[in-house]
Each structure stands twice: as C-alpha cells, then as structure tokens.
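A look at the structure
Residue strings, one per chain:
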Amino acid sequence: MSRIRLAIRAFVAIFRRDLTVTGREFVRFFLQALVQPLFFLFIFGKVLPSIRLASANFGFLMLPGIVALTGLVSAMQGVSLHLVVDLGYAREIDDRLLSPLPIRWVGLEKILFGALRGVVASSVIFPLGRLILGSGYAVRTDRIAEIIGMILLTALVGANLGLLMGTVIKPDQVSLMFTLIFTPLLFTGCTYYPWSSLDRIRWFQVATLFNPLTYCAEGMRHAMVPPIGGRELATLNTTDIRVALGVSVAVMLSLGTRSFRRRVLS
Amino acid sequence: MVQEIDRMPDLPAIVVSDLVKRYPQSAANAVDRVSFHVARGEIFGLLGPNGAGKTTTIGVLTTFVIPTAGTAIVAGIDVARRPLGVKPHIAVVPQLSNLDRGLTVREVLTFHGAYFGVPRKVREARADKLLDELGLGNRKHESVKRYSGGMSQRLMIARALMHEPDVLFLDEPTNNLDPQTRLYLWDRIRELHSSGVTIFLSTHDMEEADRLCDRIAIMDHGKILVNDTPAGLKKLIAGGTVLRVEAWGPPCLGESIRCALAALCGVTRVDASDNSEEPRAMTFRLYSDAAAPVIGPAAQAVLSAGAEIRDLSVRQPTLEEVFIFLTGRNLRK
Ligand SMILES: Nc1ncnc2c1ncn2[C@@H]1O[C@H](COP(=O)(O)OP(=O)(O)OP(=O)(O)O)[C@@H](O)[C@H]1O
Ligand SMILES: [Mg+2]
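Predicted model, so just to flag it, every value in this text is computed and none were measured.

Per the secondary structure count, chain A includes 10 helices and zero strands. In summary, chain A has a C-alpha radius of gyration of 19 Å against a globular reference of 18 Å for 266 residues, a match within 12%. With 266 residues in all, chain A has 54% of them scored as buried. Carbon and sulfur atoms make up 68% of the accessible area of chain A, which totals about 12,200 Å².

What follows is about the overall build of chain B. Assigned secondary structure in chain B consists of 12 helices and 14 strands. Expressed along its principal axes, the backbone C-alpha trace of chain B runs to roughly 75 × 45 × 40 Å. Put simply, 70% of the contacts in chain B that link residues at least 6 apart link residues at least 24 apart. Here chain B has roughly 14,400 Å² of accessible surface; of this, 52% comes from carbon and sulfur atoms. Of the side chains in chain B, 40 bear a positive and 39 a negative charge, and the two mean positions are spaced by 5 Å.

Residue and element names in this part refer to chain B. One open sheet accounts for four strands, arranged S2-S1-S4-S5; its pairing is antiparallel. One side of each edge strand has no neighbouring strand; the edge strands of this open sheet are strand S2 (31–38) and strand S5 (77–78). Judged from the five bridges that link them, strand S1 (residues 14–21) and S2 form a sheet pairing that is antiparallel. Paired with Leu 19 across the strands is Val 34, a residue of S2.

Next up on the list: the coordination of the magnesium ion (ligand 2). Surrounding the magnesium ion (ligand 2) are the protein donor atoms B:Thr55 (OG1) and B:Gln95 (OE1), which sit 1.8 to 2.2 Å from the metal. Of this pair, B:Thr55 sits in helix H2 (residues 54–61) while B:Gln95 sits in the loop between strand S6 (90–93) and helix H4 (105–115), and the two are 40 residues apart along the sequence.

All names here are of chain B. Of all residues in chain B, 94% have pLDDT values of 70 or greater, and the mean over the chain is 85. The element-level mean pLDDT for chain B is lowest in helix H1 (residues 3–6), coming to 48, with H4 highest at 95. A low-confidence stretch, residues 1–7 stays under pLDDT 50, and its non-local contacts, those more than four residues away or across chains, total 16 contacts. If you check the scores for this complex, the pTM reads 0.84 and the ipTM reads 0.86.

What follows deals with the interface of chain A and chain B. Each side of the interface is counted separately: chain A has 30 residues, and chain B has 34 residues. Around 2,700 Å² of area is buried between chain A and chain B when both sides are counted, 56% of it from carbon and sulfur atoms. There are five salt bridges connecting chain A and chain B. For A:Asp95, the salt bridge is made with B:Arg159, and the minimal N-O distance between the two is 3.8 Å. Viewed at the interface, chain B and chain A are joined by 11 residue pairs in polar contact (both at pLDDT 80 or more). At the level of elements, helix H1 (3–24), helix H4 (94–97) and helix H10 (238–264) of chain A are the ones that each hand at least two residues to the side of chain A that touches chain B.

Looking now at the side chain of A:Gln77. Along the chain, the position of A:Gln77 falls in helix H3 (residues 58–86). Given a relative accessible area of 18%, A:Gln77 falls into the buried group.

On to the nonpolar core, then. Within the largest apolar cluster, 108 residues are counted, with the highest numbers of intra-cluster contacts made by B:Ile14, B:Phe36, B:Leu155 and B:Phe200. Ranked by the residues each element gives to this core, the list is headed by helix H6 (residues 149–161) of chain B, at seven residues. Look past the residues within four positions of B:Leu155 in its chain and what remains in contact with it is B:Leu99, B:Val105, B:Val108, B:Leu109, B:Leu131, B:Leu136, B:Val144 and B:Tyr147. With 53 residues, the next largest nonpolar core counts A:Leu34, A:Leu63, A:Leu185 and A:Tyr193 among its residues.

This part covers the site of ligand 1. All names here are of chain B. Lining the immediate environment of ligand 1, one finds Tyr 23, Ala 30, Pro 49, Asn 50, Gly 51, Ala 52, Gly 53, Lys 54, Thr 55, Thr 56, Gln 95 and Glu 172. Asn 50 places a side-chain nitrogen or oxygen 2.9 Å from an oxygen atom of ligand 1. Measuring from an oxygen atom of ligand 1, one finds a backbone N or O atom of Gly 53 at 2.9 Å. Out of a free accessible area of 640 Å², ligand 1 has 60% covered by protein chains.

This part takes up the pairing of strand S3 (residues 43–47) of chain B. Residues and elements named next belong to chain B. The element S3 is largely enclosed, with a buried count of five among its five residues. Residues Ile 43, Gly 45 and Leu 47 line one face of S3 and the alternating positions Phe 44 and Leu 46 line the opposite face, and both faces are buried. Note that S3 and strand S8 (residues 198–203) share five bridges and pair parallel. By the bridge assignment, Phe 44 is partnered in S8 with Phe 200.

Let's shift gears to the packing of helix H2 (residues 26–50) of chain A against H3(A). Residues and elements named next belong to chain A. With their axes 9 Å apart at the nearest point, H2 and H3 run at an angle of 165 degrees to one another. Between H2 and H3, the interaxial angle falls into the category roughly antiparallel. By crossing handedness, the relation of H2 to H3 is classed as right-handed. Of H3, the residues touching H2 (which contributes Gln 32, Ala 33, Leu 34, Pro 37, Phe 40, Leu 41, Phe 44 and Gly 45) are Phe 58, Gly 59, Met 62, Leu 63, Ile 66, Thr 70, Ser 74, Gln 77 and Leu 81. The class makeup of the residues in the contact of H2 with H3 is 11 nonpolar, six polar and no charged.

Turning next to the confidence of the model for chain A. With 100% of its residues at a pLDDT of at least 70, chain A reaches an overall mean of 87. Across chain A, the element-wise mean pLDDT spans from 80 in helix H7 (residues 174–187) of chain A up to 93 in helix H6 (residues 144–168) of chain A.

Aromatic ring pairs are reported here in terms of the distance separating the ring centres and the angle at which the planes meet. Residues and elements named next belong to chain B. Counted according to the given criterion, the structure contains 14 aromatic pairs over all chains. Plain terms: the ring middles of Phe 36 and Phe 200 are 5.9 Å apart, the flat faces sit at 35 degrees to each other, and that makes the pair tilted. Highlighted residues: Phe 36 in strand S2 and Phe 200 in strand S8, separated in sequence by 164 residues. Phe 200 carries the same exposure label as Phe 36, and that label is buried.

About the criteria used
- Residues numbered from 1 in each chain as written.
- Chains lettered and ligands numbered in written order.
- Predicted model: local features only at pLDDT ≥ 70, side-chain atom pairs only at ≥ 80, totals over all residues.
- Heavy atoms only, no water.
- Helix = DSSP H or I, 4+ residues; strand = E, 2+ residues; numbered from the N terminus.
- Rg over C-alpha atoms; globule rule 2.2 N^0.38 Å.
- Buried < 20%, exposed > 50% of the residue type's maximum accessible area, 1.4 Å probe, protein only.
- Areas by Shrake-Rupley, 256 points an atom, 1.4 Å probe, with all protein chains shown as cover.
- Contact = heavy atoms within 4.5 Å.
- Lys, Arg positive; Asp, Glu negative; His and termini not counted.
- Charge placed at Lys NZ, Arg CZ, Asp CG, Glu CD.
- Pairing = 2+ DSSP bridges.
- Donors = N, O, S within 2.8 Å, 3.2 Å for Na, K, Ca; no water.
- pLDDT = per-residue confidence, 0-100.
- Buried area = accessible area lost by both parts, 1.4 Å probe.
- Salt bridge = Lys/Arg side-chain N within 4 Å of Asp/Glu carboxyl O.
- Polar contact = N/O pair within 3.5 Å; in protein donor to acceptor, adjacent residues only side chain to side chain.
- Core = buried A, V, L, I, M, F, W, Y, C linked by side-chain atoms within 4.5 Å.
- Near = heavy atom within 4 Å.
- Axes fitted to C-alpha atoms, helices over the stretch in contact; angles between N-to-C directions.
- Parallel < 35°, antiparallel > 145°, perpendicular 65-115°, else oblique.
- Left-handed = near helix turned anticlockwise from the far one by under 90°.
- Nonpolar A, V, L, I, M, F, W, Y, C, P; charged D, E, K, R; others polar.
- Phe/Tyr/Trp six-rings, centres within 6.5 Å; stacked < 30°, edge-to-face > 60°.

Rendered as structure tokens:
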C-alpha cells in the first residue's frame, strides 16, 4: 500500500474512532452544547420582550449571535477538552500518534472532528430557536448558502482555536485559562449586539475587531436577519468578514499544528 | 509491510550510532553517546536501573523522542528523518498504560488494526484470536477503564501484535504481571522470535534478561557499559566465580574489613555494598581467579576485624553480579 493511502486510511480510522467515542456520550455532548444557548434564547428572546424590557425584535436579532457562539464554543471545546484527556498523564493519544500518518494530520483530524461538533451544535439552534421564540422566530431564506458557509467557517475558527489553546495551555492551568480567555471572548464577540450599535463606544468597537467571534456573529447576522421595515440590518462588510476569518483560521492552523507537534514529541 | 527490509536481508533491524538525548532544562544527557545494533530476528535486552535511559532510548527508536545528536536507524530507515517510514514496521508496548479509555477492550484492538490499514475481516478475526490467547476473551466488551494493571498490560501486548510488526519494542513488559502471565509472555516472546520478529526489550529484571535475550546491553546513567551475550557478560567476571561474604558488626568497621579482604592473596577486587535499612549488615563481594582458596582467609579477616559472619557463599556469576561488578551498585535498589 502506498504511504499516502496508508495515511489516509489511518486518518479515516481515527475520525471513526472519535465518532464512536462521541456517539457514546451523545447526551452529554448535547447538554454541554445546548443548555446555555437554550436559556439565553428563552430569557432574551422570550422573557425580556414579554415583560417589555426588550423589543419584540430582540429574539431574531439575537438568534444569529447565538448560532455563532454555540458553533464556535462547541467546536473549541470539542477539540480542547478532548486534548486534555489525550495529552494527559496516560497519554491516550500515543496509539494514534504511532499510526502511519504524519503527526500534523492527527492534529488536523482533531480540528475536523471538532468542527463537525460545532456544525451539529449550531444547526440544532435553528429548530430550537423556532420552538422557543415561536412567532418571534425569523430567519431570511434567500441566503441559505451564506448561512451554511458561515456555520462552517465559524466551526473551523472554533476548532482551530481549540487546538491552539489545548496545546499551548498546560494541563494544570486549563480551568483557569478557560475562564481568562473564555469570558472576554464571549463578551467582546458582538454576540448579543450588532457591531454597528457600538458606534458610541468607539474604542470598544475597535477592540471587538480583534475577536474572531465578532466576524462570525456579524456574518451570521448578515446571512440570517430579515430586513426590518424594508431596511437591511447594518453589518460589517461580508468580504472583510471572510478575509478576517480566513486569515485567523490560517494563522491559528499553522500555530496550532506546530504547537501540537511540540506537545506530543519530546 | 516488510518490503523495505526484505530488499536488504542482511541489514540489521536497528542501528544506533552516537545517540544523544538531552531533555530541555535538564543538566545531564538522558542518553549519552550510545551506539549498538540489533540483528534481524534477535531478542535484544536493555538492562539498567531506574533512570538509566531505557525508556528514552525506546522513545527515540519509536519516533516519540527527537534525538539531540547521533542517528537511529530502524528497519533500514532513519527514524528522525523519516518517522513515517518507520511506523508501519514497529510496535510498542509502553511501560505505563496508554490505552484509549474511550473504547472497549475489543475496540482497542480493532481500531488499532484500522489505523494500520488492516482490512476489517482480518482485524476482527485477529482481535478475537489474540484476546482468547491472552485470556481476555470473556471480558472483551467491557470498557478499558475497568481493566486491572495486569490486564491492561496484556491488552497492550495484544494491541502491539495487531499489525504484525517487524520490530517489537517492549518497555519493562512483565513489571505488572503475575508469575504465571509472566511465563506465558516469555513463551509468547520466544514464539514471536521464532517467527522472525525482532524484539527489543528493556528490563531491570535480570532473570528476564538472562532467560530471554540473545544479547544484552547494560545501561547506566545514559551510557551503555557492555553489550554481549548473557554468557559473554558473565565471563567479564575473572575466574568465573564470586565469593560473597555477609558480615555483621559496627558500620565503622566496613572500610577496614574491605581493605583487609582486598589485601588477601589472589583477590583482584572487592566490592562493598551496605544495606540502607540495617547499617550493621555489610555485604562484600570478592573477585578472584579461584574462590575456594580465598574462603578461609576471608572468614579469618572478617572475624579478626571484630565482625561476625552471617553468610559466606561462592556464587556462579549472575547478571546481577555482573551489574554490581560494573557499577559497584545493586540493580535492585
Ligand atoms: N520528558 C522528560 N523530560 C525531562 N527529563 C526526562 C523526561 N523523561 C525522562 N527524563 C529523564 O531522563 C532520564 C532517563 O529516563 P528514562 O525514563 O529514559 O529512564 P528508564 O531507564 O526508562 O528508567 P525506569 O526504569 O525508571 O523506567 C531520567 O533522569 C529522567 O529523569
Ligand atoms: Mg523506563
């Protein structure tokens, strides 16, 4: 068998291994991914508008941000939490590292699998949103391809971030670092507010541009939010969004696979 | 997957030259200019105490540890340059369990086979056969998490055999095993040996090294001290016998007894080792061309120094004696 075919087979088998393991903890995966967005949707999309603390539009304005956040976080955790086990004391990943494929590919498989988790989690938000928001649910249907594209890109961003974090952070600092990185990521990512609405806090508006989640959320809003009273919601320019996300994926991929290699070899 | 080697039938399975590994932020070399080779089909043992550098050496040979200097060639391929070329030829049974705890016992084997491109039918049949042979057949659908240390060890051995490697690395393979399983494993290793697999094993168990290996390298502080057949190693001890004297007395007498023994006619060397738990128990090993004539004078020397004799024996050199002869230290702490 040629070396490349051997490597591809190993890659597929490792992917199948992850499917098997995740399939076994399916319920946990869904709880982990969906409990938080579920409550957000309910409180911000249903409760606040009902008690008139937010406008009736708030639900569908929020939805794209939640789709983006869920996809990104699920993909990220799908990679980094698994890495904690794999690279932990018992080094469970060794058997896969000894398989006849380049070490980098083992990292790539992690990214691909994490991204798959992200795609599944963010897709489930749609039916969930429809259920919770009821009549407040509105997603434009003329940009389906763009929605799919943004879901894929967002999941890739999250998975790459997961590989980078999972390999750079020392195992004993994981929970601290998660809080330190995760909280700012969450709140500067323009998830709960459109970027353009930050006009009045210019410095903060600029700061959010350094968070990839901002572009994911903005892109998702562009693809999902229907025109309100005939006017389109102002978002970041879609070309800028694609370039920014493309660049961050490329940079994180290169850093992440390198740091993965460093972590598994001594 | 043997084509690379078969093209060069006379090539050794492993060639290591001037290998050095220094871990980052470490003061000394874990492996320090080591050279040796292992012929195809040989059982080669790396014998050494804790921290000698055995696992590090195996790490380099199995692509996990990047050497600082020197080269390691396995199955005709430079490990550091082309790790991917080496991987299909080798299998490793590590010192500590690295089993994939997300899987069931049988899946550990079938997935391992899949990683190495073994077709489904073949890998399933092979997994069941190995599990039965290793006495794990009735618990194969359990999660790996529920396995005991010895069962994990057996499972890792089965896993290593799933893709029929040319060179099998075993890092202290019988450490965790009960005597019966240990004997079974030895038989199994001999069987693999007779089917042409090259076996590289590390151990600090002298009996294991003696009984199994065609050749043994004794390693200490990252260096290989000697590398020979078990019989050849034992010949290192001149005269072929060792007189062991166990004395009992105030520890301060140790040095004068040692000097008195060393001064005896015919004695070429004396090693003293003391017992850390009981400082009054002192053990001396006398190397001489012939042990018998030394027995009387040796006993006399101990007694006249003011110590008691607890035991006095003439011993055929074991690898343990060889190790003490070479390093002045006991292999079993
Ligand atoms: N990852 C590492 N980083 C730094 N130092 C290491 C690392 N692994 C091993 N060492 C050091 O290298 C030396 C050799 O260790 P090694 O594990 O190769 O010994 P060993 O012969 O396998 O011992 P044992 O019988 O205890 O398994 C030791 O001094 C050890 O502390
Ligand atoms: Mg070791």
